[in-house]
Amino acid sequence: MNKENQGKFYITTAIDYVNGPPHIGHAIQKVWADAVARYHRLKGDEVWFLTGTDEHGVNVARTAEMLGKTPQELADENAVKFRGMRNALNLSWDDFIRTTDCERHWPGAVLMWQKLVEAGDIYKKKYRGLYCAGHEAFITQKDLADGKCFLHGKEPEAIDEENYFFRLSKYSQKIKLAIKSDALKIVPVSRKNEILNFIDEGLEDVSFSRPTKDLSWGIPVPGDSEHTMYVWCDALINYLSAIGYGLNEEWQKWWPADLHVLGKDNLRFHAAIWPGMLFAAGLELPKVLFVHGFVTAEGQKMSKTIGNVIDPFEITRKYGTDAVRYYLFREIPSYDDGDFSIKKFEERYNGDLANGLGNFVSRVFSLAEKIYSIDISKTEKEILEKIKEIEIQVSAKFEEYKFHEAAGIIWELISYGDRYVNEKKPWAIIDEKEKTKILTNLVVIVESVAELIWPFIPETSEKIQKSLSKNANFIKIKKRGILFPRLNK
Ligand SMILES: [Zn+2]
């Protein structure tokens, strides 16, 4: 791995809404962000990886009421499940922030509100708007199809009230320029164009509060307890509050964020409202937004009614963490929507993991474990060049967040190794020197594969690396158990 350009790397995920437990759609975003965080750690960067939960708002309050719980009880219950993804999916985040944390999170939200007030960008006005409970936000005519929210399929409520507004319109031009020039880079380009089209017509000011009588489950507006902040000046602030904004100066070490990972439903908030707020508060914009699509299950949208919601805990218990992680990287295209299908999952498992990676490593280890010590400084140039070429390609795909393609390239190296064993037939060679030369090449390929797969399937990578007991330039193989036992129907 190329260890140039070491620096800090601050990466965040969207924070998940706690009115229900996590499903595979939540899991994939965390798994992808985890791979990017691990990739940067391999490069030698100082990484800070943040995730968390968005816990305020009408939806949590309503769901809690329906379940006969307090909003705090419901939030606590689901926050534990979201946090539980760390173990189930082997996620390496450094911090988990909850927006109900009034010691860590609220001071940052309050400070941001004050900065917006100081900038003259918060004002009060009577407002008539369409409120989508699914969005947890006011939406506009542009968000409707047949009178219903195009994302949530529900009719919005018409609401008449006095709210505080943020003067987002003032920043339309600045935001557009930042996105156009890639000062705020949006990946993929299709999402960049989508948001530029949206901003083209100019941005409207946005409601930043709700009357406390209608929404009390949130952070009170500073100096006006009759109003509660909602979503924007609450949830988005987590990226700053978690690193100390409003509490100490620590945040200056990490801000601006190097990468926000988010779903396509979050694009407008992160690429319009968030930069507007940051401009108003005199803060730098995040460097990159990586915007991914949605995951369906067996070709259909996941829903409780259909009963096809894929539970990340159940699936990792059944197949193992790395098998699930691998599928999410390999089979779901990171720029588009993807599908989780058990049939495809099992095909990938048997094809790529059991027969591909698992079988290759096991073959090489069986042949090479008899050798007392392998001197890897004797690796042939041709092999080293092939490995270098693969490493460069994988890095390039990582920089573009094209995980499925990066994984595909690593598996090309496995196929290359497989072909090399089949051609050279080391088991049939009598000349010990010649045989050792071939096995040395193979062990070095295995070592490289083990390093390259670490961001994707870290547990498997570590297992392989433990089998390659290394001392300076010498490797002695200690074969362990099977990596991926075949699934039998
Ligand atoms: Zn909606």
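These figures come from a predicted structure and were not determined experimentally.

Colleague: Which parts of the structure should I look at to understand empty space enclosed by the protein?
Modeller: To find leftover empty space, one rolls a probe the size of a water molecule over the atoms. Applying the stated rule across the entire model yields 1 cavity of 30 Å³ or more. Lining the largest cavity are 13 residues; nearest its centre among them are Asp54, His56, Gly57, Glu136 and Val231. Here the residues of the lining of the largest cavity are counted per class, giving 7 nonpolar, 3 polar and 3 charged.

Colleague: Explain the layout of surface pockets here, please?
Modeller: One number sums up the size of the second largest pocket: a volume of about 270 Å³. Lining the second largest pocket are 15 residues; nearest its centre among them are Ser362, Arg480, Gly481, Ile482 and Leu483. Among the secondary structure elements, those contributing two or more residues to the lining of the second largest pocket are α13 (342-368) and α17 (458-467). Considering each element in turn, the lining of the second largest pocket owes the most residues, 6 residues, to α13. A class-by-class count of the residues in the lining of the second largest pocket yields 7 nonpolar, 5 polar and 3 charged.

Colleague: Is there a simple way to think about the coordination of the zinc ion in this case?
Modeller: Six octahedral donors around a metal ideally make angles of 90 or 180 degrees; four tetrahedral donors ideally make 109.5 degrees. Each protein donor to the zinc ion is listed here as Cys132 (SG), His135 (ND1), Cys149 (SG) and His152 (ND1); together their distances run 2.1 to 2.3 Å. Here the zinc ion binds 4 donor atoms, and the angle range of 102 to 119 degrees at the metal identifies the geometry as tetrahedral. If you list the donors of the zinc ion from N- to C-terminus, the spacing comes out as C-x2-H-x13-C-x2-H. Note that His135 is positioned in the loop between β5 (122-132) and β6 (137-139) and Cys149 in strand β8 (residues 148-149), a separation of 14 residues in sequence. Across the pair, Cys149 and His135 agree in class, each one buried.

Colleague: In this structure, what is going on with the nonpolar core? I would like to understand it.
Modeller: Side chains of nonpolar character tend, in soluble globular proteins, to be buried together. Within the largest apolar cluster, 100 residues are counted, with the highest numbers of intra-cluster contacts made by Ile11, Ile24, Leu357 and Ile464. In contact with Ile464, other than residues within four places in its own chain, are Leu357, Val361, Phe365, Val446, Ala450, Ile453 and Leu483. Among the nonpolar cores identified, the runner-up in size contains 68 residues, and Tyr131, Ala235, Leu236 and Ile273 belong to it.

Colleague: Just to check I follow, could you spell out the packing of aromatic side chains for this structure?
Modeller: Aromatic ring pairs are reported here in terms of the distance separating the ring centres and the angle at which the planes meet. If you walk through the whole model with that rule in mind, you get 35 aromatic pairs. Summarising the aromatic geometry, the rings of Tyr10 and Trp254 are spaced 6.5 Å apart at their centres and angled 55 degrees between planes, so their arrangement reads as tilted. Here Tyr10 is found in strand β1 (residues 8-13), whereas its partner Trp254 is found in helix α9 (residues 251-254), with 244 residues between them in sequence. Owing to a relative accessible area of 0%, Tyr10 belongs among the buried residues under this scheme. Assessed through its relative accessible area of 5%, Trp254 is described here as buried. With centroids separated by 6.4 Å and ring planes inclined at 50 degrees, the aromatic side chains of Tyr230 and Trp232 adopt a geometry described as tilted.

Colleague: Honestly, the packing of α13 against α17 in this entry has me stumped. Any pointers?
Modeller: The packing of two helices is summarised by the inter-axis angle and the distance between the axes. The interhelical angle for the contact between α13 and α17, taken along N-to-C directions, is 5 degrees, at an axis separation of 12 Å. Judged by the inter-axis angle, α13 sits roughly parallel to α17. In contact with Leu357, Val361 and Phe365 of α13, α17 contributes Thr460, Ile464 and Ser467. Here the contact of α13 with α17 is built from residues that sort into 4 nonpolar, 2 polar and no charged.

Colleague: Whenever I open this one, the sheet that holds strand β12 (residues 209-211) confuses me. Can you help?
Modeller: Either a parallel or an antiparallel arrangement is found when strands of a sheet pair, and the pairing is made through backbone hydrogen bonds. As summarised here, the arrangement of the 3 strands in space is β12-β14-β13, forming an open sheet in which the pairing is antiparallel. The open sheet has two edge strands, β12 and β13 (220-221), and neither has a second partner. By the bridge criterion, 3 bridges tie β12 to strand β14 (residues 224-229) in an arrangement that is antiparallel. Within β14, the position partnered with Ser209 by the bridge is Met229. Sheet contacts for helix α4 (residues 106-118): β12, β13 and β14; angle to β14, the most-contacted strand, approximately 105 degrees.

Colleague: Just checking my understanding: could you explain the pairing of strand β21 (residues 474-477) for this structure?
Modeller: Successive side chains on a regular strand alternate, one facing one side of the sheet and the next facing the other. Of the two faces of β21, the one holding Ile475 and Ile477 is buried and the one holding Phe474 and Lys476 is not buried anywhere. Where strand β19 (residues 374-375) meets β21, 2 bridges bridge the pair, whose relative direction is antiparallel. From the neighbouring strand, Asp375 faces β21, where its bridge partner is Phe474. Of the pairings in the sheet, the one linking strand β20 (residues 468-471) to β21 comprises 4 bridges and is antiparallel in character. What sits directly across from Ser469, in β21, is Lys476.

Colleague: Can you walk me through the environment of Arg348 in this structure?
Modeller: If you trace the backbone, Arg348 turns up in helix α13. Sequence-wise, Arg348 and Asn308 are 40 residues apart; in three dimensions their C-alpha atoms are separated by 21 Å. Arg348 has contacts with Tyr326, Tyr327, Arg330, Glu331 and Leu353, leaving out every residue within four places of it along the chain.

Basis of the calculations
- Every chain is numbered on its own, with residues counted from 1 as its sequence reads.
- Only residues with pLDDT of 70 or above have their local features reported here, since the model is predicted, and side-chain atom pairs are shown and tallied only from 80 upward, although totals for entire chains, interfaces and linings are computed over all residues.
- Heavy atoms throughout the structure, all of them, feed into the side-chain values; hydrogens and water do not.
- Cavities and pockets are found on a 1 Å grid laid over the protein atoms alone: a cavity is a set of points where a 1.4 Å probe fits but cannot escape, a pocket is an open set with protein on both sides within 12 Å along at least five of seven lines, and a lining residue has an atom within 4 Å of such a point.
- Grid points are joined across faces, edges and corners, and a volume is the space filled by probe spheres set on the points.
- Gly counts as polar in this scheme, as do all residues outside two lists: the nonpolar Ala, Val, Leu, Ile, Met, Phe, Trp, Tyr, Cys and Pro, and the charged Asp, Glu, Lys and Arg.
- Numbering goes from the N terminus for both helices and strands, where a helix is a DSSP run of H or I of at least four residues and a strand is a run of E of at least two.
- Any N, O or S atom lying within 2.8 Å of the metal counts as a donor, with the limit raised to 3.2 Å for Na, K and Ca; because water is left out of the atom set, some sites can appear incomplete.
- Here a site with four donors is tetrahedral if all angles are between 85 and 135 degrees, and a site with four or six donors is square planar or octahedral if opposite donors are over 155 degrees apart and the other angles are between 65 and 115; anything else gets the irregular label.
- The rule is simple: take the accessible area with a 1.4 Å probe, protein chains only, and divide by the maximum for that residue type; under 20% is buried, over 50% is exposed, in between is partly exposed.
- Nonpolar cores were defined as sets of buried Ala, Val, Leu, Ile, Met, Phe, Trp, Tyr and Cys residues, with membership established by side-chain atoms within 4.5 Å.
- Contacts between residues were defined by any pair of non-hydrogen atoms, one from each residue, lying within 4.5 Å.
- Any Phe, Tyr or Trp ring, taking Trp's six-membered ring, that has another such ring centre within 6.5 Å forms a pair; planes under 30 degrees apart are called stacked, those over 60 apart edge-to-face, and the others tilted.
- Helix axes use the C-alpha atoms of the stretch in contact, all axes being lines fitted to C-alpha atoms, and the angles between their N-to-C directions lie in the range 0 to 180 degrees.
- The cut-offs work like this: below 35 degrees is roughly parallel, past 145 is roughly antiparallel, 65 to 115 is roughly perpendicular, and the gaps in between are oblique.
- In short, DSSP must find at least two bridges between two strands for them to pair.

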